[in-house]
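Residue-level structure breakdown
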Amino acid sequence: MTDLQKWLPRGVDAINAWQDAYGAFDQHPSLVVSDEALGKAFNELTERLRDNYPFGHPRYVGQMLKPPHPAAILGYTTAMLINPNNHALDGGPATAQMEKEIVARIATMFGFEQHLGHLTSSGTIANLEALWAARESHPGKRIAYSADAHYTHSRMCQVIGVEGVAIATDDSGRMDLGALERALASGTIGTVVATLGTTGLGALDPLPAIIALTRAHGARVHVDTAYGGFFALIADDSADGVASTPFAAIRDVDSIVVDPHKHGLQPYGCGAVIFSDPGVGRFYVHDSPYTYFSSDELHLGEISLECSRAGAAAAALWLTLEVIPLTDAGLGQVLRASRRGALEWQRLLGSSDDMTAYQSPELDIITYYPTRGRMTEIDAASNALFHAAADGHPAEQIHLATYTVKGSDLARRGHEVEHDAPTARIMRSTVMKPESEAYVPAIHARLSELSRP
Ligand SMILES: *Cc1c(COP(=O)(O)O)cnc(C)c1O
């Protein structure tokens, strides 16, 4: 954190200097607080914040969580001292411009030749917008997504009053093409949502075939790559890359969602939705008596369902991408390290007597369980491992997550275990931090030891 100790005061100085030019003024007495009062409350805050998991540590390999890059913190904090609102150019001209620039870079990363898009406060809201645009362009039709798609799709279908259809997955957790084809044959589906990087397993739906089938039925394709999107930078089939085919097909879809607050090194409050046809802007048309007076240029609020949004989020992402760009040599190196960590872990699982891999990872999420003969035993051993690994001295703890699977999920993947319960918890680890790569052998060894009956 040395970086921040040096740079954060520079952000404060720069904004103060800019504001001073408008003339000094005193803070209103109602806003003045004593150092003593602030210090006391602040001590309590930092004390209470200790009730957390060490998301930034390489031995935290549980959920999709990690602190932002220092550049993102610097960009966010500096811009937040002004607190621009990216709803309209009146609210934050500089950060709205930054948002347009970075959204264009993300669109280029996915191969879109033209686009319309913006940042959102989350992947959930970004998907809501994409599904809403889907409903507007294919009214009265249903929206299909895989059974392993993020639950937000079924929920948002309810919100927008569209019937959602869950399509079965195959033995790798990908959308089953036969099931999709049967659903499309009904003629009632207007949009298919493909997930590149399912939240549970990191599975990649077979996008080229999904596009072909869906187009043949006159329907629309939305890609939810909230988690996996930035892996497009390393989608080259190389030893530490990911599969090229699904990512290369993104250029042909209608809309895409990606979360810079997942693999884009950003703090929460940063999703993105991008449409390949700028014409979807017509769905958003509205007039506002309060805003949009400072220029005839497109205001982000004119193409967004959300109104107020942090300009600081755009500043954070902009600054981050200036120093860690959307290239293989930039953010790609972060993702390659995560990918190598997952592959190494998978290799170790493959030769382990104590642990069994559930399936192969397509990104940086691995799933495994303490080797046992019955589902009830797997469930109990996984739960025990989850707790045992997180116990003990902080400098030794390993933080994991669990994932619930059905007996049929295990059977389809060739796991010969007794189905004495409908479901079992297994382990799920997201190797999201590049630093975790070096810890994988030690983590695996420790988990193996803890798993022995
Ligand atoms: C995380 C995620 C979401 C939800 O995004 P939030 O930013 O958490 O709201 C949607 N879809 C997928 C595939 C995700 O991984």
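Residues numbered from 1 in each chain as written. Predicted model: local features only at pLDDT ≥ 70, side-chain atom pairs only at ≥ 80, totals over all residues. Heavy atoms only, no water.

So, the packing of helix H5 (residues 123-137) against helix H6 (residues 152-160)
It is the contact of H5 with H6, at a shortest axis distance of 10 Å, that shows an interaxial angle of 50°. Here H6 runs oblique to H5, going by the angle between their axes. The hand of the H5/H6 crossing is right-handed. For the pair formed by H5 and H6, the contact residues are Thr124, Asn127, Leu128, Leu131, Trp132 and Arg135 on the first element and Thr152, His153, Met156, Cys157, Val159 and Ile160 on the second. (Axes fitted to C-alpha atoms, helices over the stretch in contact; angles between N-to-C directions. Helix = DSSP H or I, 4+ residues; strand = E, 2+ residues; numbered from the N terminus. Parallel < 35°, antiparallel > 145°, perpendicular 65-115°, else oblique. Left-handed = near helix turned anticlockwise from the far one by under 90°. Contact = heavy atoms within 4.5 Å.)

Focus: the pairing of strand E4 (residues 189-195)
With seven of its seven residues buried, E4 lies for the most part within the structure. Where strand E2 (residues 142-146) and E4 come together, four bridges link them in parallel fashion. By the bridge assignment, isoleucine 143 is partnered in E4 with threonine 191. Looking at chain direction, E4 and strand E5 (residues 220-224) are connected through five bridges and run parallel. Bridge pairing in E5 links threonine 195 to aspartate 224. Traced from E4 through helix H8 (residues 207-216) to E5, the parallel crossover comes out right-handed. (Buried < 20%, exposed > 50% of the residue type's maximum accessible area, 1.4 Å probe, protein only. Pairing = 2+ DSSP bridges. Right-handed = clockwise from strand over helix to strand, strands pointing away.)

Remarks on the packing of helix H4 (residues 93-109) against helix H11 (residues 311-323)
At a minimum axis separation of 8 Å, H4 and H11 run at an interaxial angle of 50°. One way to sum up the angle between H4 and H11 is to call them oblique. Considering how the two elements wind past one another, H4 and H11 form a crossing that is left-handed. In this structure, H4 contributes Thr95, Met98, Glu99, Glu101, Ile102, Arg105 and Ile106 to the contact, and H11 contributes Gly311, Ala314, Ala315, Leu317, Trp318, Leu321 and Glu322. Per-class residue counts for the contact of H4 with H11 are eight nonpolar, two polar and four charged. (Nonpolar A, V, L, I, M, F, W, Y, C, P; charged D, E, K, R; others polar.)

Some points on the sheet that holds strand E10 (residues 401-406)
Pairing within the open sheet is antiparallel, and its four strands lie in the order E8-E9-E11-E10. Only two strands of the sheet have a single partner each, and these edge strands are strand E8 (355-357) and E10. In this sheet, adjacent strand axes meet at a mean angle of 40° when their direction is disregarded. Packed onto the sheet, helix H12 (residues 331-350) meets E8, strand E9 (365-370) and strand E11 (423-430) and runs at close to 25° relative to E9. Packing against the sheet, helix H13 (residues 375-390) makes contact with E8, E9, E10 and E11, and its axis sits at approximately 40° to E11.

Side note on the site of the ligand
The immediate surroundings of the ligand are formed by 14 residues, with Thr124, Asp224, Asp259, His261 and Lys262 found nearest. In the environment of the ligand, an oxygen atom lies 2.8 Å from a nitrogen or oxygen atom belonging to the backbone of glycine 123. Measuring from a nitrogen atom of the ligand, one finds a side-chain N or O atom of aspartate 224 at 2.6 Å. Within the complex, the protein chains bury 89% of what would otherwise be the 380 Å² of accessible surface of the ligand. Secondary structure elements with two or more residues in the shell around the ligand: H5 and helix H10 (260-263). With three residues, H5 is the largest single contributor of residues to the shell around the ligand. Grouping the constituent residues of the shell around the ligand by class yields two nonpolar, nine polar and three charged. (Near = heavy atom within 4 Å. Polar contact = N/O pair within 3.5 Å; in protein donor to acceptor, adjacent residues only side chain to side chain. Areas by Shrake-Rupley, 256 points an atom, 1.4 Å probe, with all protein chains shown as cover.)

Quick word on the domain arrangement of the protein chain
On domain assignment, one finds that the protein chain holds domain 1 (78-323) and domain 2 (331-451). A C-alpha centroid distance of 30 Å is found between domain 1 and domain 2. Counting residues at the interface gives 32 residues for domain 1 and 22 residues for domain 2. Between domain 1 and domain 2, the buried area comes to about 2300 Å², and carbon and sulfur atoms account for 58% of it. Put simply, aspartate 240 and arginine 340 hold a salt bridge, and the shortest N to O gap is 2.7 Å. Taken together, the residues that form the side of domain 1 that touches domain 2 break down as twelve nonpolar, 13 polar and seven charged. (Domains from an automatic or database assignment. Buried area = accessible area lost by both parts, 1.4 Å probe. Salt bridge = Lys/Arg side-chain N within 4 Å of Asp/Glu carboxyl O.)

Some thoughts on the pairing of strand E6 (residues 255-258)
The two faces of E6 match: Ser255 and Val257 on one face and Ile256 and Val258 on the other face are all buried. Pairing of E6 with strand E7 (residues 271-275) involves four bridges; the strand directions are antiparallel. Bridge pairing in E7 links valine 258 to alanine 272.

Here we look at the side chain of aspartate 259
Among the structural elements, aspartate 259 can be located in the loop between E6 and H10. Side-chain polar atoms of aspartate 259 contact the backbone nitrogen of glycine 123, separated by 2.9 Å. With residues near it in sequence (within four places) discarded, aspartate 259 still touches Ser122, Gly123, Ala226, Phe230, Gly264, Cys270 and Gly271.

Topic: the nonpolar core
Nonpolar side chains in soluble globular proteins generally cluster together in the buried interior. In this structure, Leu207, Phe247, Ile250 and Leu331 are the most contacted members of the largest nonpolar core, which totals 57 residues. The element contributing the most residues to this core is H4, with five residues. Residues from two domains meet in this core; each of domain 1 (78-323) and domain 2 (331-451) gives at least three. Counting residues in each nonpolar core, the second largest holds 27 residues, with Ala96, Tyr145, Cys157 and Val273 among its members. (Core = buried A, V, L, I, M, F, W, Y, C linked by side-chain atoms within 4.5 Å.)

Details of unusual backbone geometry
One non-glycine residue, aspartate 237, lies in positive phi territory at about 60°. The topology assignment puts aspartate 237 in the loop between E5 and helix H9 (244-248). By relative accessible area, which is 52% here, aspartate 237 ends up exposed. One non-glycine residue, leucine 265, lies in positive phi territory at about 70°. On the secondary structure map, leucine 265 appears in the loop between H10 and E7. The exposure class of leucine 265 is buried, given its relative accessible area of 10%.

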